[in-house]
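Remarks on the overall topology
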Amino acid sequence: MWTYVVRRLLYNVPVYLGIIALMMAMLRVRNPVMMFLGKSATEEQIADLTERIGLARPFFFQYLEFLGQVFTLNFSQESWQQPGKTVGDLLSDAIVPTLWITVPSLIITAGIAIAVGLVSAFFRGRALDKSLVLVATLGMCISYLVYIIFGQYFGAYKLNDALAGEGPFDGKLFAIESWEPGFPGNWIHFCLLPVIINVVVAMGYDTRFYRAVMVEESTRDYITTAKAKGASKRKVMFVHMLKNAMIPIITRVMTTLPFLFVGSVLLESYFNIPGMGRELLTAINELDFPVTQTFTAVFAALFIVTNVLTDVLYALVDPRVRLS
Amino acid sequence: MTTPTPILRVENLTTSFRTDDGVVTAVDDVSFNVWPGESLAIVGESGCGKTVTSKSVMRLLPEYTSMIAPESKILFGGVDLAHADERTMRSIRGAKIAMIFQEPMTSLNPVFTVGWQLDEALRYHTSLSRKGRRERAIEMLRLVEIPNPEQRVDEYPHQLSGGMRQRVMIAIALCCEPDILVADEPTTALDVTIQAQILHLMEDLKKKLNTAVMLITHDLGVVAQVCDRVIVMYAGRVIEKGTVREIFHSPQHPYTKALLDSIPKAGRREHGKRLPTIEGIVPSLDDLPEGCRFEARCPLAEKRCADEEPDIVPHAFTERPVRCHFPLNQT
Ligand SMILES: Nc1ncnc2c1ncn2[C@@H]1O[C@H](COP(=O)(O)OP(=O)(O)OP(=O)(O)O)[C@@H](O)[C@H]1O
Ligand code: SF4
Ligand SMILES: [Mg+2]
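We now turn to the structure provided with this report. (Residues numbered from 1 in each chain as written. Chains lettered and ligands numbered in written order. Predicted model: local features only at pLDDT ≥ 70, side-chain atom pairs only at ≥ 80, totals over all residues. Heavy atoms only, no water.)

Scanning chain A from terminus to terminus reveals 14 helices and 0 strands. Its helices and strands taken in sequence order, chain A reads α-α-α-α-α-α-α-α-α-α-α-α-α-α from the N to the C terminus. Projected onto its principal axes, the C-alpha coordinates of chain A cover approximately 80 × 65 × 30 Å. Here chain A holds 324 residues, and the buried ones make up 43% of them. For chain A, the exposed area adds up to about 16,600 Å²; of that, 68% sits on carbon and sulfur atoms. Within chain A, the 24 negative side-chain charges are centred at a point lying 19 Å from the centre of the 26 positive side-chain charges. (Helix = DSSP H or I, 4+ residues; strand = E, 2+ residues; numbered from the N terminus. Buried < 20%, exposed > 50% of the residue type's maximum accessible area, 1.4 Å probe, protein only. Areas by Shrake-Rupley, 256 points an atom, 1.4 Å probe, with all protein chains shown as cover. Lys, Arg positive; Asp, Glu negative; His and termini not counted. Charge placed at Lys NZ, Arg CZ, Asp CG, Glu CD.)

Looking now at the environment of aspartate 179 of chain B. All names here are of chain B. Counting through the fold element by element, aspartate 179 comes out in the loop between α7 (162-174) and β8 (180-184). Relative accessible area serves as the criterion here: at 32%, aspartate 179 is assigned to the partly exposed category. Considering only alpha carbons, one finds aspartate 179 and glycine 94, 85 residues apart in sequence, at a separation of 10.0 Å. The contact partners of aspartate 179, leaving out residues within four places of it in the chain, are Ile7, Phe76, Lys96, Thr211 and Ala212. (Contact = heavy atoms within 4.5 Å.)

It is characteristic of soluble globular proteins that their nonpolar side chains tend to be buried jointly. Counting residues in each nonpolar core, the largest one holds 96 residues, and the members touching the most others are Leu8, Phe32, Ile97, Leu118, Ile170 and Met202 of chain B. Broken down by element, this core gets its largest block of residues, 8 residues, from α7 of chain B. The contact partners of phenylalanine 32 of chain B, leaving out residues within four places of it in the chain, are Leu8, Arg9, Val10, Leu40, Ile42, Thr53, Met214, Ile231 and Lys241 of chain B. Residues Val215, Val236, Ala245 and Phe271 of chain A belong to the second largest nonpolar core, which totals 36 residues. (Core = buried A, V, L, I, M, F, W, Y, C linked by side-chain atoms within 4.5 Å.)

All names here are of chain B. Taken together, 15 residues sit near ligand 1, with Ser46, Gly47, Lys50, Thr51 and Val52 positioned nearest. In this structure, an oxygen atom belonging to ligand 1 sits 2.7 Å away from a main-chain N or O atom of glycine 47. For ligand 1, the protein covers 66% of the area, taking 630 Å² as the surface of the free molecule. Elements represented by at least two residues in the shell around ligand 1 include exactly β1 (8-19) and α1 (50-58). In terms of residues, the shell around ligand 1 owes the most to one element, α1, which gives 3 residues. Among the residues forming the shell around ligand 1, the class breakdown is 6 nonpolar, 6 polar and 3 charged. (Near = heavy atom within 4 Å. Polar contact = N/O pair within 3.5 Å; in protein donor to acceptor, adjacent residues only side chain to side chain. Nonpolar A, V, L, I, M, F, W, Y, C, P; charged D, E, K, R; others polar.)

What follows is about the environment of lysine 257 of chain B. Residues and elements named next belong to chain B. Turning to its location among the elements, lysine 257 is positioned in helix α11 (residues 254-261). Note: C-alpha distance between lysine 257 and isoleucine 247 (10 residues apart in sequence) is 8.7 Å. For lysine 257, the residues in contact, after removing those within four places along its chain, are Pro251 and Leu328.

Before going further, it helps to examine the site of ligand 2. Taken together, 13 residues surround ligand 2, and among them Cys292, Cys298, Cys305, Cys324 and His325 of chain B come closest. Its residues placed into classes, the shell around ligand 2 shows 10 nonpolar, 2 polar and 1 charged.

A cluster of acidic side chains, namely Asp20, Asp21, Asp286 and Asp287 of chain B, defines a negative patch on the protein surface. Topologically, aspartate 287 of chain B is positioned in the loop between α11 and α12 (303-307). (Patch = residues over 30% accessible without salt bridge, like charges linked within 9 Å, V, L, I, M, F, W, Y side chains within 5 Å. Salt bridge = Lys/Arg side-chain N within 4 Å of Asp/Glu carboxyl O.)

Residues and elements named next belong to chain B. The topology assignment puts glutamate 240 in strand β11 (residues 237-243). Among the polar contacts listed, one links the side chain of glutamate 240 to the backbone nitrogen of histidine 253, at a separation of 2.9 Å. Residues within four places of glutamate 240 in sequence aside, it is in contact with Val230, Ile231, Val232, Ile247, Ser250, Pro251, Gln252, His253, Thr256, Arg320, Pro321 and Val322.

Residue and element names in this part refer to chain A. Note that phenylalanine 36 resides in helix α2 (residues 32-37). In this structure phenylalanine 36 comes out as partly exposed when scored by relative accessible area, which is 23%. Between the alpha carbons of phenylalanine 36 and isoleucine 188 there is a distance of 39 Å; along the sequence they are 152 residues apart. When sequence neighbours within four positions are dropped, the list of residues in contact with phenylalanine 36 reads Leu49, Trp80, Gln81, Glu286 and Leu287.

The subject of this paragraph is the interface of chain A and chain B. Chain A puts 22 residues into the contact, and the matching count from chain B is 30 residues. Between chain A and chain B, the buried area comes to about 2,300 Å², and carbon and sulfur atoms account for 60% of it. If you look at where chain A meets chain B, you find 2 salt bridges. Two residues, lysine 229 of chain A and glutamate 120 of chain B, come together in a salt bridge whose shortest N-O distance is 2.7 Å. Inspection of the chain A/chain B interface yields 12 residue pairs in polar contact (both at pLDDT 80 or more). (Buried area = accessible area lost by both parts, 1.4 Å probe.)

Let us now look at the layout of surface pockets. In this model, the largest pocket occupies a volume close to 1,200 Å³. Forming the boundary of the largest pocket are 33 residues, of which Lys227 of chain A together with Leu61, Pro62, Glu63 and Tyr64 of chain B lie nearest the centre. Those elements that place two or more of their residues in the lining of the largest pocket are α5 (87-122), α9 (221-228) and α10 (233-262) of chain A together with β4 (66-68) of chain B. Ranked by residues supplied to the lining of the largest pocket, first place goes to α10 of chain A with 4 residues. Among the residues forming the lining of the largest pocket, the class breakdown is 15 nonpolar, 7 polar and 11 charged. (1 Å grid on protein atoms, 1.4 Å probe; cavity = no way out; pocket = protein on both sides within 12 Å on 5 of 7 lines; lining within 4 Å. Points joined across faces, edges and corners; volume = space filled by probe spheres on them.)

With that settled, consider the pattern of salt bridges. Scanning all chains against the criterion turns up 37 salt bridges over all chains. Between glutamate 65 of chain A and arginine 57 of chain A there is a salt bridge; the shortest N-O distance is 2.5 Å. In this structure, glutamate 240 of chain B and arginine 320 of chain B form a salt bridge, with 3.0 Å as the shortest nitrogen-oxygen distance. Of this pair, glutamate 240 of chain B sits in strand β11 while arginine 320 of chain B sits in the loop between β12 (313-314) and β13 (321-322), and the two are 80 residues apart along the sequence. A relative accessible area of 0% means that glutamate 240 of chain B is categorised as buried. Taking the relative accessible area as the measure of exposure, arginine 320 of chain B reaches 6% and is therefore buried. A network of salt bridges, in which partner residues are shared, links Asp28, Arg237, Arg293 and Glu309 of chain B.

Structure representation (structure tokens):
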């Protein structure tokens, strides 16, 4: 088992090194200093910024230095756009609101979708299943933007009208502007509506996926064997089927994990939430080189780590992986 | 001495499925008995309803798309399984009637150990302690001649060969000492040498545990080796019944004869010569003929056969049941 984990890790190290090299090269295709400062820059300013990011040195040195910073979690480079703030400050500021939205979204979505998928598969072909599939499909046909706009219209604007200044938050239950820390009050105020929208958006896809997984598992021969042994429907479903279904379920959940940290650019923009997605987008737009480079490296690391984690979880549920 | 009674009496079993093209009847008015300790073969070509018959007995058919007709009876230990509730069925499945399947590669659950899967049956049907169950599991593995049972018990199905997995399936099926073992083509997916071993093992255990076996197969060679009595099915109907000797030596139904003619005779096989197969195909269940279901393929068919379906009745001389207007061996 442990050799398996180590092997997976070792496989992924070169992949990560490659990603970083590629990303750094791409950010240097056009001189980032010149792009940031524009035509009116003085010689001094150019020299200063070039010096600060070590752009004049050979690429390989820059590469090693940056890798060193990433692996020692040294994020002390200063942002160009927000002088006085380090990349680390920006990261730790942005990660909090993002996690407040993405973690509850993921847990609620997975929980409900797996349950609904199970129910749907259990009643396969009957009215309940057919209506659930229909609703899920309809839900999938509607764009993310529509959910955001309607969510804001009814959830914030209309609802606030109805509350007419009464109740908590001065009658404004859901905000669509900015974000402040605090749980549970501020969380409900700032995050609940985006979370609901996230859950509704993902629900259609996830329900259909989990239903398909369960339906497929329910037709397997070992299910008939279990029934022929005298297992109850519940045992068949929750012991035999679910443990096998864990493999595709884990993949599904794990592939969405990196987005926990990256957040949803769209949602964060519409609700003016200063999260990771919006922060990276702003940095790119404003040609903030140190922030862009480090944020990208961190996101790539998160992808790799979840990859390894997925493999490890596989090994835990599937003996065919663990013992091979 | 008490008169022997059958342990399972299937009477007028009719099983239908709701499909997109309407209702099809896969098993039509099938009756037979299973006697204690005997080996009963159900034979017939693919699609004739052998599996549906056995799954009807176990009530393992899809709940909402299959129906067993109200007049059907499956009498076992004073209970009518055809209409028993799920609770009753659960106490019978695996305990009183156990089943093994064709595909040993997929019949075991890949994510649980062999021991766990044996343990499960014992947990449902015995009051043994955890330790007792483990001992019993190892004992069963030894009984089905798996080498190193103490080690194998903790292995996963993918670590075993196909033949071994089928042995494990047999161990699971027999661990609660059922009265009947239903084996649905248990050797079809295996190599010839392994086939023989598995059949041997089943024979052996059947005698040791005095279990009746319902062996479903389309391989008459297997039937000749291990069975006592035979039921021949065609397109959802029983068309002939008899002892193995009777069926092999004096088949009464043209279909039974055709089946026998298509068996390769050991040693007498001429190279390069194809086996005679039965011409034509089985009629589709949603388009069954009005008359005899074998009429289109029958060498003896006459006008009456197309108009009127024969009943299953005792043969004029042998008094052995046959479903044919013009059965063989009449003179
Ligand atoms: N769940 C189902 N829904 C609809 N039709 C079914 C279903 N199960 C079986 N059938 C039909 O019932 C008929 C009998 O099938 P069955 O599986 O009993 O055949 P079989 O004799 O076991 O054949 P084989 O030798 O191929 O296993 C087939 O025509 C099949 O299409
Ligand atoms: S009833 Fe007629 S068609 Fe049918 S098997 Fe007998 S002889 Fe052949
Ligand atoms: Mg079959």
